[in-house]
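Chain by chain, the residues run as shown.
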Amino acid sequence: MTPIINKEEIIKIGNRFGFEIVKICSPKQFTDYEKIVKERIRAGLYPEELISYEEILKDVETYANPYNSLPDAKSIICMAFCYYTMEQTDLTKPGEPHGVLARAYQRDVYGEKHRREKQYAELLHKKGIKVAKRNLIPRKMAAIRAGIGWQGKNSLIITEEFGSWIALSNLIVNIELEPDNPLSKDCGSCQSCIRACPTSAIQAPGVINVNKCIDYLTCKTGVIPQKLRDKMGNRLVSCDCCQEACPYNKAVKFIKKDIPSIDPVYRHSPALLPLLSITEDDFRKYYLDCEFLDPRSESLQRNVIIALGNIGDPIAIPILQKCLKSTKSILREHAKWALEYIFNFKTN
Ligand code: SF4
């Protein structure tokens, strides 16, 4: 027998687990999803090295249809919580270069999202509601359908309450709940995020050229194209430029306090020099639990070297010269670029 539980109760439970916004949409197929992804692959907007196109297309078919996740799905519960914090994002000062992490990585936002989502699903399950084990759907499209927000020109979901400083979640369930309506709102004539993007990666409203997006550049492996290196500034993990520029985000005052910090040593803006010479002991002490900030990873070391070049502080010269002798060609190549960049700083 299907349990009797009303929408209000569902929302209250979601709020209790820390999701400030809880809305409902139908699980009908997201028919535009496949078309949009195929068009973007054809236009060369996805990097080939990220994942094979065949794999993307296989995933797209699965994601477009929520019934693949739960054959007797009746509703999708869409949730969002705000992760905005007020921590100073760049602690760089003369003689002490620091890196910058996007706000979503300054705290354990994604770990927290999974914990809350799991607790919510477990409680619904206890009440006799079937919840899909894996909620494979196009998250942003579901959020738009449920009226959580609209898609901004930077492709992110913009909410009226928290701008785009939100983590999106969803649960596919087998109970009928009254769906919400999409918002009748959009960005209007605003172009702030398009102008703010350092690499001009926002090709058209809502369309990102991932190859140029700093979010992708910081996590990709291998060489960063020369013409994009100075655009990365001292960003180590992802980028918030388009979000910082958005008027809806500037208006957010909310300070979230209950997302676990990952910061025993200013990891929301880590000191750069120690990251290039970390010992195994220090790694275990400070970084073991933090997969996106693993100083042993070649990509992170490369980002640190680029950041040191872009900051241009001569204090980095000795460690960059050491990197010229690295056994890793990626580090040698970027260190050579960074040193030239610093010398240009000094002579210009
Ligand atoms: Fe939309 Fe302006 Fe925000 Fe970009 S900056 S997402 S155009 S409101």
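Keep in mind that this is a model prediction, so the values were computed, not measured.

## Structural notes on unusual backbone geometry
Thought 1: Phi is positive for Ser-155, close to 80°, though the residue is something other than glycine.
Thought 2: Inspection of the secondary structure puts Ser-155 in the loop between β4 (150–151) and β5 (157–158).
Thought 3: Judged by relative accessible area, Ser-155 falls into the buried class, the value being 9%.
Thought 4: For Ser-238, which is not a glycine, the phi torsion comes out positive at approximately 60°.
Thought 5: Considering the arrangement of structural elements, one finds Ser-238 in the loop between β9 (235–237) and α9 (241–245).
Thought 6: Taking relative accessible area as the criterion, Ser-238 reaches 8% and is therefore assigned buried.

## Some remarks on the packing of helix α1 (residues 7–16) against helix α4 (residues 109–126)
Thought 1: For the pair α1 and α4, the least separation of the axes is 9 Å and the interaxial angle reads 145°. Where α1 crosses over α4, the handedness of that crossing is right-handed. In this structure, α1 contributes Ile-10, Ile-13, Gly-14 and Arg-16 to the contact, and α4 contributes Tyr-120, Leu-123 and Leu-124.
Thought 2: In terms of residue class, the contact of α1 with α4 is made up of 5 nonpolar, 1 polar and 1 charged.

## Let's talk about the sheet that holds strand β2 (residues 75–82)
Note on sheets: strands pair through backbone hydrogen bonds, and any given pair is parallel or antiparallel.
Thought 1: Strand order in this open sheet of 3 strands is β1-β2-β6, and the pairing throughout is antiparallel. At either end of the open sheet lies a strand with only one pairing partner, and these are β1 (21–25) and β6 (166–173). Averaged over all neighbouring strand pairs, the angle between strand axes comes to 20°, with direction disregarded.
Thought 2: In this fold α4 packs onto β1, β2 and β6, with an angle of close to 25° to the strand it touches most, β6.

## Structural notes on the pattern of salt bridges
Thought 1: Throughout the structure, instances matching the rule amount to 14 salt bridges.
Thought 2: The salt bridge involving Glu-96 is made with Lys-93; its shortest N-O contact spans 3.9 Å.
Thought 3: Judged by relative accessible area, which is 33%, Glu-96 ranks as partly exposed.
Thought 4: A salt bridge links Lys-185 to Glu-160, with the nearest nitrogen and oxygen atoms 3.4 Å apart. Taken together, the positions of Lys-185 in the loop between β6 and α6 (192–196) and Glu-160 in the loop between β5 and β6 put the pair 25 residues apart, joining distant regions of the chain.

## Remarks on the packing of aromatic side chains
Thought 1: In total, this model carries 8 aromatic pairs according to the counting rule given.
Thought 2: With a centroid separation of 6.2 Å and 75° between ring planes, the pair formed by Tyr-83 and Trp-165 is classed as edge-to-face. Residue Tyr-83 is found in the loop between β2 and β3 (100–101), and its partner Trp-165 is found in the loop between β5 and β6; the two are separated by 82 residues along the sequence.
Thought 3: The exposure class of Tyr-83 is buried, given its relative accessible area of 5%.
Thought 4: Between the aromatic rings of Trp-337 and Tyr-341, the centroid separation amounts to 4.8 Å while the plane-to-plane angle is 25°, which identifies the pairing as stacked. With a gap of 4 residues between them, Trp-337 and Tyr-341 both fall in helix α15 (residues 329–347), about one helical turn apart.
Thought 5: With a relative accessible area of 25%, Tyr-341 lands in the partly exposed category.
Thought 6: A cation over an aromatic ring shows up here: Arg-103 above the ring of Trp-165, its NZ or CZ 5.4 Å from the ring centre.
Thought 7: It is Arg-145 that lies over the ring of Phe-30; its NZ or CZ is 3.8 Å from the centre.

Reading the values: the criteria
- Residues numbered from 1 in each chain as written.
- Predicted model: local features only at pLDDT ≥ 70, side-chain atom pairs only at ≥ 80, totals over all residues.
- Heavy atoms only, no water.
- Helix = DSSP H or I, 4+ residues; strand = E, 2+ residues; numbered from the N terminus.
- Buried < 20%, exposed > 50% of the residue type's maximum accessible area, 1.4 Å probe, protein only.
- Axes fitted to C-alpha atoms, helices over the stretch in contact; angles between N-to-C directions.
- Left-handed = near helix turned anticlockwise from the far one by under 90°.
- Contact = heavy atoms within 4.5 Å.
- Nonpolar A, V, L, I, M, F, W, Y, C, P; charged D, E, K, R; others polar.
- Pairing = 2+ DSSP bridges.
- Salt bridge = Lys/Arg side-chain N within 4 Å of Asp/Glu carboxyl O.
- Phe/Tyr/Trp six-rings, centres within 6.5 Å; stacked < 30°, edge-to-face > 60°.
- Lys NZ or Arg CZ within 6 Å of the ring centre and 35° of its normal.

The analysis is restricted to geometry; functional conclusions fall outside its scope.
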